[in-house]
Amino acid sequence: MRDHQRDFLDLALARQVLRFGQFTLKSGRTSPYFFNAGLIDSGAALHRLGQAYATAAVESGIAFDMLFGPAYKGIALASATAIALSTQHGRDLPFAFNRKEAKTHGEGGNLIGAPLKGRVLIVDDVITAGTAIRESLALIRDQGAQAAGVLIALDRQERGQGNLSAAQEVTAEFGIPVIAIARLADLLTLAAERPELAAERERLEAYRTAYGTE
């Protein structure tokens, strides 16, 4: 596991962004863990998260010219990633995000920030049903730009309606890569290393056996 992945998981655990227990998902499954990036609610925490996103983006090797953050969580995530790319990696890139509802006065429209041009990397927290990603892809295409890929925080690596995960479904349907800072497999690695997480490992393994993908 890479340093930025470990730091991300440590941050998620410390801020209770990643919690263990019994959680009913939209799919109806009972999951032994839950991830909510909305609980990143301080400047220091968002700074660390932005660094993890930026490192994952750079190390992926994907070529991209700008960032796009889908409203609402993606707004802060894309902003933090853009800052980290500039300060930590020397890449000062434009970024944009959308409004949920188009503005009908002033400059109008539903986009804020830089015009969508070139190869656009979408930055979000997780992919569940993929609705936000599909809306983002349509918006990028409508502006004459090209989606370079999707960057998320955590890939649950579990099957959707078929045998593919939500991330794999996006890649199969749209032909773009999905990059994750960390995956369920990385969380299992961490659980194996940390005595305080030993009690969670068996439940995580059972969940992966029941619903997981490669």
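Here's what I pulled together on the structure shown here. This one's a predicted model, so the numbers in the text were calculated from it and none came from an experiment. (Residues numbered from 1 in each chain as written. Predicted model: local features only at pLDDT ≥ 70, side-chain atom pairs only at ≥ 80, totals over all residues. Heavy atoms only, no water.)

## A word on the side chain of Gln157
The condition that has to hold: Numbered from the N terminus, helices here are DSSP runs of H or I no shorter than four residues, and strands are runs of E no shorter than two. Nitrogen and oxygen atoms within 3.5 Å of one another constitute a polar contact, given that in protein one can donate a hydrogen and the other can accept it, and given that sequence-neighbouring residues count only through two side-chain atoms.
Within the secondary structure, Gln157 sits in the loop between β7 (146-155) and α5 (166-174). At 3.2 Å, the side chain of Gln157 and the backbone nitrogen of Leu184 are in polar contact.

## Re the pairing of strand β8 (residues 178-183)
Stated precisely, the cut-off is as follows: Whether two strands pair depends on DSSP finding at least two bridges between them. The handedness of a crossover follows from its direction of travel: if, with the strands pointing away from the viewer, the path from the first strand over the helix to the second runs clockwise, the crossover is right-handed.
When β7 meets β8, the two strands line up parallel, connected through five bridges. Looking across to β8, one finds that Leu151 is bridged to Ile179. Crossover handedness for the path β7 to α5 to β8: right-handed.

## Quick notes on the pattern of salt bridges
To keep things clear, this is the line we draw: In the sections that follow, a salt bridge refers to a side-chain nitrogen of Lys or Arg positioned within 4 Å of a carboxyl oxygen of Asp or Glu. Partly exposed residues are those whose accessible area sits between 20% and 50% of the maximum for their type, while under 20% is buried and over 50% is exposed, using a 1.4 Å probe and protein chains only.
Within this structure, the stated rule accounts for 14 salt bridges. The residue Glu200 makes a salt bridge to Arg203 at a minimum N-O spacing of 3.0 Å. Note that Glu200 and Arg203 are positioned in helix α7 (residues 198-211) at a spacing of three residues, about one turn of the helix. By relative accessible area, which is 16% here, Glu200 ends up buried. Of the residues examined, Arg203 reaches a relative accessible area of 43% and is grouped as partly exposed.

## Some points on unusual backbone geometry
Here the residue pair Ala71 and Tyr72 is connected by a cis peptide bond, since its omega of 10 degrees sits within 30 degrees of zero. The phi dihedral of Gln16 falls on the positive side, at around 60 degrees, and the residue is not glycine. Mapping Gln16 onto the fold places it in the loop between α1 (3-14) and β1 (18-24). Despite not being glycine, Gln157 shows a phi value in the positive range, around 50 degrees.

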